[in-house]
Amino acid sequence: MRLKKNQILVNLTFLILFLIGLNISGGFGLSWDSMQRSSGIRTAGYILTKIGITNPLQNDYKIYPRDHNDAYGVIFDLTSISFEKLFNLKGKKEIYTMRHRLNFTIYFLGCLFYFFLSKRIFGLKVALVSIFLYAFHPRLLAHGFFNPKDSILQAFVIISLYPIYLAIEQNKSKWFILSGIMMGICTSTRIMMLYLPFLFFLAIFSINIKNMFNKNLNIKLLKNCGLTLSFFIISLFFSWPILWEDPVTSFIWAFNIMKNFPWGGDVLFMGEIISSNNLPWFYIPVWYFITTPLIFLLLFIIGMIISLSPLINNSQKKYRMLYFSISGIFIPLISVIVLKSNLYDGWRHFYFIYPFIALVATYGYDYLSGYIKKNKFPRSKFFVSFIFIISIISPSLVSIIKMHPHQNTYFNFLAGSDPLLKYEGDYWGVSYKQGIEKLLALKNGDILLAVGNFPGKNNLQMIDETERKRIKIVDLENADYFMTNFRSDLSNYIKSNNSLYPFNNELFSIKYGEMKILGVYEIN
């Protein structure tokens with residue numbers, strides 16, 4: 001009866017969190033990648049034409065794939081376009097609010113599968129802490145609402161890990177089939193995920209190497225691996241329309257695009273403006289360490305140390321996912337270093353490794369909490385557990401509440417008192433939404449506004465149409481106000497802090513501590 005009550009409480013908590021997420025989805029702004037919707041429309045038109053339906057969604061559907069944006073997966077965009085047409089959504093604000101809610105729904109679905117997986121590995125009590133480590137990383141939670149690429153892939157990866165884990169543990173055909181399907185979907189979303197089936201087969205054979213002379217087991221194992229590979233190829237083909245015409249050529253084209261994405265901008269990293277084509281090998285690790293809550297980092301480091309202990313090894317069932325997760329982290333990291341891939345915008349291109357990171361951190365928590373209760377406070381287990389869990393939950397939760405809806409700019413103290421002097425802030429530009437809303441509330445009549453970059457204009461789509469018409473986007477010479485998120489613009493950020501032109505008359509700004517993520521200035 002007690003177990004049933006606990007399950008009801010857990011289910012109710014998940015439901016409440018989901019409803020809260022849906023309710024706050026509209027509060028987030030639009031990022032650069034919101035333009036990916038146009039690729040979804042083009043893909044939908046292509047598919048409609050391929051299956052013989054006339055009146056496609058747009059005229060250039062025959063040119064597909066058209067550009068590098070079509071190298072990304074289309075599942076999210078196709079689903080959102082379907083909802084858009086199904087519910088007859090016309091206004092841009094309601095369309096993009098729906099996309100935010102869909103984005104969050106997929107992120108939340110990933111959270112559920114992460115909880116199911118961690119519960120199987122560690123049990124319910126540890127899983128409740130583990131899901132917090134996964135779901136309440138401030139930056140990744142915010143991206144779960146507005147990032148239609150990296151956050152979606154992150155969710156697909158953790159959904160894949162559930163059948164992968166069961167395939168490894170149970171050696172049943174259905175889990176091998178589901179693993180193949182989900183790994184195909186992951187790879188269609190981003191081609192780098194080709195490493196996941198490689199890692200899966202490596203784990204399967206390394207775990208079963210001691211049974212290599214068991215003929216019956218080997219036949220079953222080879223059959224199951226054949227099922228995984230077959231369903232992986234089928235899933236990849238059907239979930240990635242660019243493969244439909246010329247699979248091999250299109251696959252190679254997409255691989256070359258994603259190996260070194262054609263973005264030649266500059267990024268602010270460790271106080272220097274650096275070309276995205278010439279970043280140091282430690283770019284991703286540094287971004288991870290300065291944007292993750294410190295207690296999360298500590299638990300991850302402990303998990304890594306545990307993996308080196310001679311007291312455990314890959315043959316112990318509980319620790320199989322520890323080594324699998326560590327491989328899931330370092331194989332892609334080493335790959336981008338070797339391939340010298342183009343990176344930018346922090347570590348967002350590697351959010352898909354966070355499920356692995358959270359699992360490693362959970363191993364760290366499981367070990368540390370057990371050690372403390374057993375060796376330090378054996379008579380106060382409940383009290384010690386409570387204090388330990390509160391110390392994990394509180395800092396992250398406070399930051400999430402305090403910074404809403406700008407959690408995507410979270411830094412820990414390792415980034416310095418003003419992180420934007422060394423690193424990019426709101427490079428996505430989602431804070432423009434709040435900036436525009438506040439400017440409209442402060443000023444009457446038409447507003448001549450200059451903006452720092454594309455999201456400044458794009459976020460007008462999240463404003464009610466009547467109010468939106470009051471904003472006229474103009475160049476700086478003709479503007480009454482200038483709004484900027486200081487992306488890759490350290491010199492102007494320093495000017496704004498010293499009130500130098502055109503930042504000498506600040507109307508308002510969005511700040512957290514000494515970090516200014518958006519500024520609005522009167523020009524004339």
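None of these values were measured; they are calculated from a predicted model.

Definitions and limits used
- Residues numbered from 1 in each chain as written.
- Predicted model: local features only at pLDDT ≥ 70, side-chain atom pairs only at ≥ 80, totals over all residues.
- Heavy atoms only, no water.
- Pairing = 2+ DSSP bridges.
- Helix = DSSP H or I, 4+ residues; strand = E, 2+ residues; numbered from the N terminus.
- Axes fitted to C-alpha atoms, helices over the stretch in contact; angles between N-to-C directions.
- Contact = heavy atoms within 4.5 Å.
- Expected span 1.5 Å × (residues − 1).
- Buried < 20%, exposed > 50% of the residue type's maximum accessible area, 1.4 Å probe, protein only.
- Phe/Tyr/Trp six-rings, centres within 6.5 Å; stacked < 30°, edge-to-face > 60°.
- Parallel < 35°, antiparallel > 145°, perpendicular 65-115°, else oblique.
- Left-handed = near helix turned anticlockwise from the far one by under 90°.
- Nonpolar A, V, L, I, M, F, W, Y, C, P; charged D, E, K, R; others polar.
- Salt bridge = Lys/Arg side-chain N within 4 Å of Asp/Glu carboxyl O.
- Polar contact = N/O pair within 3.5 Å; in protein donor to acceptor, adjacent residues only side chain to side chain.
- Patch = residues over 30% accessible without salt bridge, like charges linked within 9 Å, V, L, I, M, F, W, Y side chains within 5 Å.
- Areas by Shrake-Rupley, 256 points an atom, 1.4 Å probe, with all protein chains shown as cover.

S.K.: Could you give an account of the sheet that holds strand 7 (residues 515-522), naming the residues involved and the relevant values?
M.R.: The mixed open sheet is built from 5 strands, whose spatial order is 4-3-5-7-6. The open sheet has two edge strands, strand 4 (471-473) and strand 6 (506-512), and neither has a second partner. Going from strand to strand, the sheet's axes swing by 25° on average, the running direction of each strand aside. Sheet topology note: the strand 3 (residues 447-451)/strand 4 ladder contains 3 bridges and is parallel. Residue Leu448 lies in a different strand from strand 4, and its bridge partner there is Lys472. Packing of helix 17 (residues 432-442) onto the sheet brings it into contact with strand 3, strand 4, strand 5 (481-484), strand 6 and strand 7, and relative to strand 6 it is tilted by some 145°.

S.K.: Report on helix 7 (residues 150-170), specifying residues and quantitative values.
M.R.: In this model helix 7 runs 31 Å from its N-terminal to its C-terminal C-alpha over 21 residues, within 8% of the 30 Å that 1.5 Å per residue would give. With 19 of 21 residues buried, helix 7 lies mostly within the body of the structure. Taken from the residues just after helix 7, Asn171 is the one with a positive phi, measuring 55°.

S.K.: Explain the environment of Pro405 to me, and be specific about the residues and the numbers.
M.R.: Note that Pro405 resides in the loop between helix 16 (381-403) and helix 17. Overall, the relative accessible area of 11% leaves Pro405 in the buried class. Sequence separation of Pro405 and Ala441 is 36 residues, and the distance between their C-alpha atoms is 18 Å.

S.K.: If you had to explain the packing of aromatic side chains to someone new, which residues and values would you point to?
M.R.: Throughout the structure, instances matching the rule amount to 51 aromatic pairs. Ring geometry for Phe28 and Phe145: centres 4.5 Å apart, planes at 15°, overall stacked. Residue Phe28 is found in the loop between helix 1 (2-24) and helix 2 (36-50), and its partner Phe145 is found in helix 6 (residues 138-146); the two are separated by 117 residues along the sequence. The pair Phe28 / Phe145 is uniform in exposure class, with both members buried. For the ring pair Phe132 and Phe296, a centre distance of 6.4 Å and an interplane angle of 80° mean the geometry is edge-to-face.

S.K.: An account of the packing of helix 4 (residues 92-122) against helix 7 is needed here, citing residue identities and associated values.
M.R.: Two elements in contact, helix 4 and helix 7, have axes whose closest approach is 8 Å; the angle formed by their N-to-C orientations is 25°. Looking at the two axes, helix 4 sits roughly parallel to helix 7. Considering the relative orientation of helix 4 and helix 7, their crossing is left-handed. Contacts between helix 4 and helix 7 involve Asn103, Ile106, Tyr107, Leu109, Gly110, Phe113, Tyr114, Phe116, Leu117, Arg120 and Ile121 on the former and, on the latter, Ser151, Ile152, Gln154, Ala155, Phe156, Ile158, Ile159, Leu161, Tyr162, Tyr165, Leu166 and Gln170. In terms of residue class, the contact of helix 4 with helix 7 is made up of 17 nonpolar, 5 polar and 1 charged.

S.K.: Quick rundown of the pattern of salt bridges? Include the residues and the values.
M.R.: This model, assessed by the stated rule, comprises 14 salt bridges. The shortest N-O distance in the salt bridge between Arg348 and Asp150 comes to 2.5 Å. Here the residue Arg348 occupies a position in the loop between helix 14 (320-339) and helix 15 (354-376), and Asp150 occupies one in helix 7, the gap between them amounting to 198 residues. Take Arg348 and Asp150: they sit in the same class, and that class is buried. Three or more residues joined by partner-sharing salt bridges are found here, namely Asp33, Lys149, Asp150, Arg190, Asp345, Arg348 and Arg487.

S.K.: Requested: an account of the packing of helix 8 (residues 173-189) against helix 9 (residues 195-207), with residues and values cited.
M.R.: In the contact formed by helix 8 and helix 9, the axes pass within 10 Å of each other and the chain directions differ by 150°. Taken together, helix 8 and helix 9 sit at an angle that is classed as roughly antiparallel. On the side of helix 8, the interface is formed by Phe176, Ser179, Met183 and Cys186, while helix 9 contributes Leu196, Pro197, Phe200 and Ile204. Of the residues assigned to the contact of helix 8 with helix 9, the class counts are 7 nonpolar, 1 polar and no charged.

S.K.: Which residues make up the side chain of Ser235, and what values do they have?
M.R.: By secondary structure assignment, the location of Ser235 is in helix 10 (residues 215-239). Note on Ser235: relative accessible area 11%, which makes it buried. Within the structure, Ser235 has its side chain in polar contact with the backbone oxygen of Ile181 (distance 2.7 Å).

S.K.: How would you sum up the environment of Phe237? Please name residues and give values.
M.R.: Positionally, Phe237 belongs in helix 10. Taking the C-alpha atoms as reference points, Phe237 and Met304, separated by 67 residues in sequence, lie 36 Å from one another. When near neighbours in sequence (up to four residues on either side) are disregarded, Phe237 contacts Leu243, Trp244 and Pro247.

S.K.: Before we move on, could you go through a nonpolar patch on the surface and cite the residues and values that matter?
M.R.: On the surface, Leu12, Leu15, Ile16, Leu17, Leu19 and Ile20 cluster together to form a nonpolar patch covering roughly 510 Å² of accessible area. Along the chain, Leu12 falls in helix 1. Owing to a relative accessible area of 44%, Leu12 belongs among the partly exposed residues under this scheme.

S.K.: Before we move on, could you go through the side chain of Asp77 and cite the residues and values that matter?
M.R.: For Asp77, the location among the structural elements is in helix 3 (residues 75-86). On the basis of relative accessible area, Asp77 is assigned to the buried category, the value being 3%. Among the polar contacts made by the side chain of Asp77, one reaches the side chain of Arg99 at a distance of 3.0 Å. When neighbours within four sequence positions are excluded, Asp77 is seen to be in contact with Gln36, Arg37, Gly40 and Arg99.

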